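Chain by chain, the residues run as shown.
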Amino acid sequence: MSLLEQINADMKSAMKAKEKDKLQAIRSAKTALTLEMTKTGASEIEDAAAVKIIQKLVKQRKDAADTYKGGGREDLAEKELLEMSFLEVYLPAQMSDEELTVAVQKIIADTGASSMKEMGKVMGMATKQLAGKADGKAVADKVKALLS
């Protein structure tokens, strides 16, 4: 079952169960995927592309929640975090800190990087290999820590 099919199935079950917040989050994901398919003219969307779009939606929710918390609107922040939790279900499991360290160390060894000057080379390879498995900021922080 593709990610889009899974989202459609979950949307139907959320409608039947009258889960308003979950339905809203799933609809936003389906809308984003549909817009991407329309833009490319495709009738289907690959799971890798769908994961990237959902990651973007999750990041938007997280940033909005942080902004709301900074403005003292805990009620709106909670709503964003709730929607984010519904969307995270469709993402692959994130790497733990230890797994990320091991993966970045292997990439540094593969590229032969030894200083911060070569961070771009390491980041290029790391973003390809760790796409969807780890947050880009976490990868960048780990690369900086291991190269310094």
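These lines cover the structure that appears in this document, whether it is placed above or below. Every value quoted in this text rests on a predicted model; they were computed, and no experiment measured them. (Residues numbered from 1 in each chain as written. Predicted model: local features only at pLDDT ≥ 70, side-chain atom pairs only at ≥ 80, totals over all residues. Heavy atoms only, no water.)

So, about helix α6 (residues 119-129). Met119, Val122, Met123 and Ala126 are the residues of α6 that are buried. Axial view of α6: buried residues confined to an arc of 95°, hence all on one face. Along α6, the residues that are exposed and aim more than 90 degrees away from the buried face are Gly120 and Lys128. Looking at the buried positions of α6, the neighbouring elements they touch are α5 (97-111) and α7 (136-147). (Buried < 20%, exposed > 50% of the residue type's maximum accessible area, 1.4 Å probe, protein only. Helix = DSSP H or I, 4+ residues; strand = E, 2+ residues; numbered from the N terminus. Arc of directions from axis to C-beta. Contact = heavy atoms within 4.5 Å.)

If you walk through the whole model with that rule in mind, you get ten salt bridges. With a closest N to O distance of 3.4 Å, glutamate 36 and lysine 39 form a salt bridge. In this pair, glutamate 36 and lysine 39 both sit in helix α2 (residues 20-40), three residues apart, roughly one turn of the helix. Note on glutamate 36: relative accessible area 25%, which makes it partly exposed. Residue lysine 39 is classed as exposed on the basis of its relative accessible area, which comes to 66%. The partner of lysine 142 in a salt bridge is aspartate 97, with the nearest N and O atoms 3.0 Å apart. (Salt bridge = Lys/Arg side-chain N within 4 Å of Asp/Glu carboxyl O.)

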